[in-house]
Amino acid sequence: MKKVNLLLLAIIVLSCQAQVKPNDIAIQDEVIKYTFETVADGIPIPWGMAFLPDNSMLVTEKSGVLYHIKNGVKTEVKNVPAVYNRGQGGLLDIVLHPDYAKNGWIYISYSSSEGEGQGGNTKLIRTKLVDGGLTQIESLYKCEPNTTKGQHFGSRIVFDKEGYLYFSAGERGNHFVNPQDITRDNGKIYRLNDDGSIPKDNPFVGQANAKEAIYTYGNRNPQGLVLNPYTGAIWEHEHGPQGGDEINIVKKGANYGWPVVTYGIDYDNTIISKEQQKSGIEDPIYYWLPSIAPSGMLFVTSDKYPDWKGNLLVGSLKFQYLELVKLEGNKIIGRQKIGTGIGRMRNVAQGPDGYIYLGVEGKGILKIMPN
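Quantities reported herein were computed from a predicted structural model and do not represent experimental measurements. (Residues numbered from 1 in each chain as written. Predicted model: local features only at pLDDT ≥ 70, side-chain atom pairs only at ≥ 80, totals over all residues. Heavy atoms only, no water.)

Draft legend 1. Main features of the overall build of the protein chain. Scanning the protein chain for helices and strands turns up 2 helices and 25 strands. For the protein chain, whose C-alpha radius of gyration is 21 Å, the value lies close to the compact-globule estimate of 21 Å for 371 residues. Principal-axis analysis of the C-alpha atoms places the extent of the protein chain at approximately 80 × 55 × 40 Å. With 371 residues in all, the protein chain has 55% of them scored as buried. (Helix = DSSP H or I, 4+ residues; strand = E, 2+ residues; numbered from the N terminus. Rg over C-alpha atoms; globule rule 2.2 N^0.38 Å. Buried < 20%, exposed > 50% of the residue type's maximum accessible area, 1.4 Å probe, protein only.)

Draft legend 2. Broad picture of the nonpolar core. Core analysis: the largest hydrophobic core is formed by 30 residues, its most contacted members being Trp-308, Leu-313 and Ile-356. Elements with a minimum of two residues in this core: strand 2 (34–40), strand 3 (46–51), strand 4 (57–61), strand 5 (65–70), strand 21 (322–328), strand 23 (345–350), strand 24 (356–360) and strand 25 (364–370). Those residues within four positions of Trp-308 in sequence are excluded, and the remaining contacts are Tyr-34, Val-300, Leu-313, Leu-324, Ile-338, Ile-356 and Ile-368. (Core = buried A, V, L, I, M, F, W, Y, C linked by side-chain atoms within 4.5 Å. Contact = heavy atoms within 4.5 Å.)

Draft legend 3. Inspection of the environment of Asn-85 at higher detail. Residue placement: Asn-85 occurs in the loop between strand 6 (73–76) and strand 7 (91–96). Placed 193 residues apart in sequence, Asn-85 and Lys-278 show a C-alpha to C-alpha distance of 37 Å. Beyond its immediate chain neighbours, meaning those up to four positions away, Asn-85 contacts Lys-62, Ser-63, Gly-90 and Ser-111. Here the side chain of Asn-85 touches Lys-62 through a polar contact of 2.7 Å, side chain to side chain. (Polar contact = N/O pair within 3.5 Å; in protein donor to acceptor, adjacent residues only side chain to side chain.)

Draft legend 4. Here's a closer look at unusual backbone geometry. Cis geometry is found at the peptide bond from Trp-258 to Pro-259, where omega equals -5°. Within the secondary structure, Pro-259 sits in the loop between strand 17 (245–249) and strand 18 (286–288). Cis rather than trans, the peptide bond between Leu-289 and Pro-290 has omega equal to 10°. Tracing the chain through its elements places Pro-290 in the loop between strand 18 and strand 19 (294–299). Of note, Asn-71 is a non-glycine position whose phi angle comes to about 55°, a positive value. One can find Asn-71 in the loop between strand 5 and strand 6. On the basis of relative accessibility, which here comes to 74%, the residue Asn-71 falls in the exposed class. Although it is not a glycine, Asp-131 sits at a positive phi angle of roughly 50°.

Draft legend 5. The arrangement of the sheet that holds strand 16 (residues 234–238) in detail. Read across the open sheet, the 4 strands follow the order 15-16-17-18; overall the sheet is antiparallel. Looking at the sheet topology across the chains shown, the edges are occupied by strand 15 (222–227) and strand 18. Mean inter-strand twist for the sheet, computed between neighbouring axes without regard to direction, equals 15°. For strand 15 and strand 16, the ladder comprises 5 bridges, and the chain directions are antiparallel. What sits directly across from Gly-224, in strand 16, is His-237. (Pairing = 2+ DSSP bridges. Axes fitted to C-alpha atoms, helices over the stretch in contact; angles between N-to-C directions.)

Draft legend 6. Representation of the pairing of strand 7. Of all 6 residues making up strand 7, 6 are buried, and the element is well covered by its neighbours. Relative to strand 8 (residues 106–112), strand 7 is paired through 4 bridges, and the arrangement is antiparallel. Bridging across to strand 8, Val-95 finds its partner in Tyr-107.

Draft legend 7. Layout of the sheet that holds strand 1 (residues 27–28). Sheet architecture is open: 5 strands sit in the order 1-22-21-20-19, paired in mixed fashion. Of all the strands in the sheet, just strand 1 and strand 19 have a single pairing partner and so form its edges. One ladder, built from 2 bridges, connects strand 1 with strand 22 (residues 331–338); its direction is parallel. Within the sheet, the bridge partner assigned to Gln-28 lies in strand 22 and is Gln-336.

Draft legend 8. Region of interest: the environment of Ser-279. Position of Ser-279 among the secondary structure elements: in the loop between strand 17 and strand 18. Between the C-alpha atom of Ser-279 and that of Ile-247, which follows or precedes it by 32 residues, the distance is 19 Å.

Draft legend 9. Focus on the side chain of Asn-221. Checked against the element boundaries, Asn-221 lands in the loop between strand 14 (214–217) and strand 15. Not counting residues within four places of it along the chain, the set of residues in contact with Asn-221 comprises Gln-88, His-152, Phe-153, Gly-154, Gly-170, Glu-238 and His-239.

Draft legend 10. Inspection of the pattern of salt bridges at higher detail. For the structure on display, the rule yields 13 salt bridges. A salt bridge links Glu-114 to Lys-123, with the nearest nitrogen and oxygen atoms 2.5 Å apart. Residue Glu-114 is classed as partly exposed on the basis of its relative accessible area of 43%. With a relative accessible area of 5%, Lys-123 lands in the buried category. What emerges from the salt-bridge pattern is a single network uniting Arg-344, Arg-346 and Glu-361. (Salt bridge = Lys/Arg side-chain N within 4 Å of Asp/Glu carboxyl O.)

Draft legend 11. Quick peek at the side chain of Asn-228. Mapped onto the elements, Asn-228 comes out in the loop between strand 15 and strand 16. Note on Asn-228: relative accessible area 3%, which makes it buried. Of note is the side chain of Asn-228, whose polar atom sits 2.9 Å from the backbone nitrogen of Tyr-230. What Asn-228 contacts, discounting residues up to four positions off in sequence, is Ala-233, Trp-235 and Phe-299.

Draft legend 12. A look at the packing of aromatic side chains. On inspection of all chains with the given rule, the structure shows 14 aromatic pairs. An angle of 5° between the planes, with centres 5.1 Å apart, marks the rings of Tyr-305 and Trp-308 as stacked. The exposure class of Tyr-305 is buried, given its relative accessible area of 4%. On the accessibility criterion, Trp-308 (9% relative accessible area) is buried. Arranged with centres 6.2 Å apart and planes meeting at 5°, the rings of Phe-319 and Tyr-321 form a pair that is stacked. With a relative accessible area of 4%, Tyr-321 lands in the buried category. Over the ring of Tyr-67 we find Lys-74; its NZ or CZ atom is 5.2 Å from the centre of that ring. When the ring centre of Trp-258 is taken as reference, the NZ or CZ atom of Arg-220 above it lies at 5.0 Å. (Phe/Tyr/Trp six-rings, centres within 6.5 Å; stacked < 30°, edge-to-face > 60°. Lys NZ or Arg CZ within 6 Å of the ring centre and 35° of its normal.)

Purely geometric numbers; function is a separate question.
Here it is as structure tokens:
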């Protein structure tokens, strides 16, 4: 009997040791089946992209310029709010309301110096585009207090299938205070109604001293936030320090661990946390080691890219390629490089025409053309 138990224990131990860790999936070299076509150049850091019903584009440039690109012609949109352009902060993401054709609302995140303290912090507004300028600007949320630190503003915006709005705000470099404290902004993903009001079923509604807009916490610096069109779930990715960039599925009230747990180390090679997992903290479904510095995220649904359809695309700032993350349900089963050496990939989006567009620092907006 003891021998049988020892044998079973040995089998269990070996089975656990044989499990593939999330970062054990080697990336494949690219198979070139496409070319890149320049849609608009002269945009130093194209951060966010939104497609209007006429197939034209709105593109945010980090320094504070909003471009309208139509038929290859690029014009500057008037009356854009002043941004706090410092470090990673500036004019950030932009999305249209799901019912934009009827209501005309456009949602923009940016770093703003409004509010308490010197410096800036992430802000969310909604506005309308009329006669080449923004009008009816409404403030929906402003993270506070401001800080002069230049890192970790977030910030992405996405709507779910029920019409709720999610947006991310990084921890602004204050990682030992902000991310784990729900009485404070930053290091969070927020959930709002489309008019900026707080949904009654948000996880911390009615909790003393809590920021009721918070939906998740323990986030470091999410620069990817996207709706999974197949499941309806919101997925996000975020920057780790040295190692430990993560892909997570957003869950109500979940703690994603930063900096209590991490798969990375600090930039000076010191240990941030000795723990990579902990009870009550949500595990990532995947993490990159080494970090790729992910920015932008897309579920491919277009028939123009049959080999990519149903999978994720993620931009890499560090290694300057687009990464195809191959999926089987919620499990990552493969990785492949696309556009090796093309530049710091800031964003990736699928247009209403079915083509995939890239925001590349120093190059502008590119379209991927299948061969």
